[in-house]
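# A look at the structure
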Amino acid sequence: MVLTRSRNYFQIFFASLSPMVVVVIVLAELNLGINLSLSILLVSYLISFIFWFKNGTKPAAWIKYDELHIRDGAFETDVINKNLVEYMRYETGHKRAVARRGNEQIDMHIMVIKMKGFDKWTLPIKDLVEHGANLRLYKFIKENFYNITLVKK
């Protein structure tokens, strides 16, 4: 079972361009010549494109061998083993602070999970584009993994 990503290839293309500004500035300071600079720029773009394409086409969440894998951004994947779950609930209406933006807060969902042998823990669901829109992650879990409870705050 797979929860596909809601992002498209156009967004992946533009995300892969983001590091190019820094590369161009560094190359301009180094004065390496046009041919070497273009070669470095091309290789940098290809590396960036491969990274973003690989991450952008992975599913937002998937179930494999009774384990729920939830991607949160480009680098993190949280894994929940169904056989260890005692209870789970999905909560909406939470807020989180935005780094380096003063008192600004944005919406966030959380999952509260209790697993056998562990204390209750909270998993923040920060990527609302992928997971929060129309409660995509909640519905995916409810229909395919666990009878999770929804709490709207």
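So, here is what we can say about the structure in this document.

### Here's the deal with the sheet that holds strand E3 (residues 67–72)
Within a sheet, neighbouring strands are paired by backbone hydrogen bonds and run either parallel or antiparallel to one another. Taken in spatial order, the four strands line up as E1-E2-E3-E4 in an open sheet, and their pairing is antiparallel. Every interior strand has two partners, whereas the edge strands, strand E1 (2–3) and strand E4 (76–81), have only one. Sheet analysis places E3 next to E4, joined by six bridges and oriented antiparallel. Opposite Ile70, over in E4, you have Asp78 as the bridge partner. On the sheet, helix H5 (residues 136–144) packs against E1, strand E2 (61–64) and E3 and is oriented at approximately 15° with respect to E2.

### Considering the nonpolar core
Among the nonpolar cores identified, the biggest contains 22 residues, and Leu68, Ile80, Met88, Tyr90, Met111, Leu137 and Ile141 are the most heavily contacted of them. For this core, the secondary structure elements donating two or more residues are E2, E3, strand E5 (85–97), strand E6 (105–115), strand E7 (121–125) and H5. In terms of residue count, the dominant contributor to this core is H5 (four residues).

### A short note on the environment of Ile63
Its location among the elements puts Ile63 in strand E2. Looking at Ile63, the relative accessible area reads 16%, which means it is buried. Excluding its chain neighbours within four sequence positions, the residues that come into contact with Ile63 are Met1, Leu68, Phe140, Asn144 and Phe145.

### Thoughts on the packing of aromatic side chains
Both the distance between ring centres and the angle between the ring planes are used here to describe each pair of aromatic rings. Inspection of the entire model under this criterion finds seven aromatic pairs. Seen from their ring centres, Phe13 and Phe14 are 5.2 Å apart, and the 75° between their planes marks the pair as edge-to-face. Under the relative-accessibility criterion, Phe13 is labelled partly exposed at 35%. Considering the side-chain rings of Phe49 and Phe53, the 5.8 Å spacing of their centres and the 20° angle between planes classify their relative orientation as stacked. Taken together, the residues span about one helical turn, with Phe49 and Phe53 both in helix H3 (residues 34–56) at a distance of four residues. Using a relative accessible area of 34% as the deciding quantity, one classes Phe53 as partly exposed. Grouped by ring-pair contacts, the aromatic residues Phe10, Phe13, Phe14, Tyr45, Phe49 and Phe53 constitute a single cluster. Seen from the ring of Phe145, Lys82 lies directly overhead, with NZ or CZ sitting 5.9 Å from the centre.

### Structural notes on a nonpolar patch on the surface
A cluster of nonpolar side chains, contributed by Val22, Val26, Leu30, Leu32 and Leu36, occupies part of the molecular surface with about 420 Å² of accessible area. Position of Leu32 relative to the elements: it lies in the loop between helix H2 (20–30) and H3. Residue Leu32 is classed as partly exposed on the basis of its relative accessible area, which comes to 36%.

### Quick notes on the packing of helix H1 (residues 9–17) against H3
Where H1 meets H3, the closest approach of the two axes is 8 Å, and the angle between their N-to-C directions is 140°. Comparing the axis directions of H1 and H3 gives the class oblique. Here the hand of the crossing between H1 and H3 comes out right-handed. Only Tyr45, Ser48, Phe49, Trp52, Phe53 and Gly56 of H3 make contact with H1, whose side of the interface consists of Tyr9, Ile12, Phe13, Ala15, Ser16 and Leu17.

So, how was this worked out
- Residues numbered from 1 in each chain as written.
- Predicted model: local features only at pLDDT ≥ 70, side-chain atom pairs only at ≥ 80, totals over all residues.
- Heavy atoms only, no water.
- Pairing = 2+ DSSP bridges.
- Helix = DSSP H or I, 4+ residues; strand = E, 2+ residues; numbered from the N terminus.
- Contact = heavy atoms within 4.5 Å.
- Axes fitted to C-alpha atoms, helices over the stretch in contact; angles between N-to-C directions.
- Core = buried A, V, L, I, M, F, W, Y, C linked by side-chain atoms within 4.5 Å.
- Buried < 20%, exposed > 50% of the residue type's maximum accessible area, 1.4 Å probe, protein only.
- Phe/Tyr/Trp six-rings, centres within 6.5 Å; stacked < 30°, edge-to-face > 60°.
- Lys NZ or Arg CZ within 6 Å of the ring centre and 35° of its normal.
- Patch = residues over 30% accessible without salt bridge, like charges linked within 9 Å, V, L, I, M, F, W, Y side chains within 5 Å.
- Areas by Shrake-Rupley, 256 points an atom, 1.4 Å probe, with all protein chains shown as cover.
- Salt bridge = Lys/Arg side-chain N within 4 Å of Asp/Glu carboxyl O.
- Parallel < 35°, antiparallel > 145°, perpendicular 65-115°, else oblique.
- Left-handed = near helix turned anticlockwise from the far one by under 90°.

Everything listed here is a matter of geometry and, on its own, says nothing about what the molecule does.
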